[in-house]
Amino acid sequence: MTTDSAVHPLAALDALAARTDLITHHAAAVRTSVELVAGVRPADLRLPTPCADWTLHGLLTHSIAQHRGFAAAVRGGGDPAAWKVGPLGDDPAGEYLAAAETVLAAFAEPGALGRRVPLVEFGGEFSGAQAVCFHFVDYVVHAWDIARTLGLPVRFDDRVLAAAYEVAAVVPGGAARTAPGSAFGPEVPWSGGDGLDRVVALLGRDPGWRGH
């Protein structure tokens, strides 16, 4: 773990945002996921993903809702309806792109990291810095999920992966990982030199998972 164990996890995320270009790293993660989704074909939507119980269709509807929910929350919205998952239309890639652009624009607004952000799905109010950390690490992992589902390569800059690992390292473990609806599963044993595999294994994905 790269953070001081005496530091509260949320304070560690604020500190990470203060000393790194986290908005740029976050945008890189989201835009990588957009590039992967751009090539999705209708038949791909039925494919299983590394996310337990989700096909690619389910992962995309979840992600679109999360992008919209985070964007609304960064702008002060606390309405749970903003997080509602809806069906995909005839242009999944276009829907995904539009939702991704919404959340990128929200976090890029001046002063966004210093705001208080009501994340209703997370059960409370957080700093903008903490909120962007949550969304950032989720889309490093979900970009990997999408790539593995489609049998495509995915790479991130080492600085992006270093920041993602710092966020992943403060995600609670133990019983929280096995509770219904948990975003991440128990840590998976891992060895090797790939920084992205290290992040996804820490958050409960099997780096050896292959969909194709």
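Fair warning: this is a prediction, and the values are worked out from it, not measured in the lab. (Residues numbered from 1 in each chain as written. Predicted model: local features only at pLDDT ≥ 70, side-chain atom pairs only at ≥ 80, totals over all residues. Heavy atoms only, no water.)

Trainee: Quick rundown of the packing of helix α2 (residues 22-37) against helix α6 (residues 158-168)? Include the residues and the values.
Mentor: One can describe the packing of α2 onto α6 by two numbers: an axis separation of 10 Å at closest approach and a directional angle of 100°. Comparing their axes, α6 and α2 come out roughly perpendicular. On α6, the residues touching Leu 22, His 25 and Ala 28 of α2 are Arg 159, Val 160 and Ala 163. Its residues assigned to classes, the contact of α2 with α6 shows four nonpolar, one polar and one charged. (Axes fitted to C-alpha atoms, helices over the stretch in contact; angles between N-to-C directions. Helix = DSSP H or I, 4+ residues; strand = E, 2+ residues; numbered from the N terminus. Parallel < 35°, antiparallel > 145°, perpendicular 65-115°, else oblique. Contact = heavy atoms within 4.5 Å. Nonpolar A, V, L, I, M, F, W, Y, C, P; charged D, E, K, R; others polar.)

Trainee: An account of the nonpolar core is needed here, citing residue identities and associated values.
Mentor: Counting 66 residues, the largest nonpolar core has Leu 119, Phe 136, Val 140 and Phe 156 as the members making the most contacts within it. Looking at this core, the elements with two or more residues in it are α1 (9-19), α2, α3 (56-74), α4 (92-108), β1 (116-119), α5 (128-150), α6 and α7 (195-202). Here the element with the most residues in this core is α5; it accounts for 15 residues. Contacts of Val 140, omitting those with residues within four sequence positions, involve Ala 29, Phe 156, Val 160, Leu 161, Ala 164, Leu 196 and Val 199. (Core = buried A, V, L, I, M, F, W, Y, C linked by side-chain atoms within 4.5 Å. Buried < 20%, exposed > 50% of the residue type's maximum accessible area, 1.4 Å probe, protein only.)

Trainee: Describe the pairing of strand β2 (residues 124-127), naming the residues involved and giving the relevant values.
Mentor: Relative to β2, β1 is paired through four bridges, and the arrangement is antiparallel. In the sheet register, Leu 119 faces β2, and the bridge partner there is Gly 124. Linking β1 to β2, which pair antiparallel, is a turn of four residues; within it Gly 123 sits at a positive phi near 80°. (Pairing = 2+ DSSP bridges.)

By themselves, these figures tell us nothing about what the structure is for.
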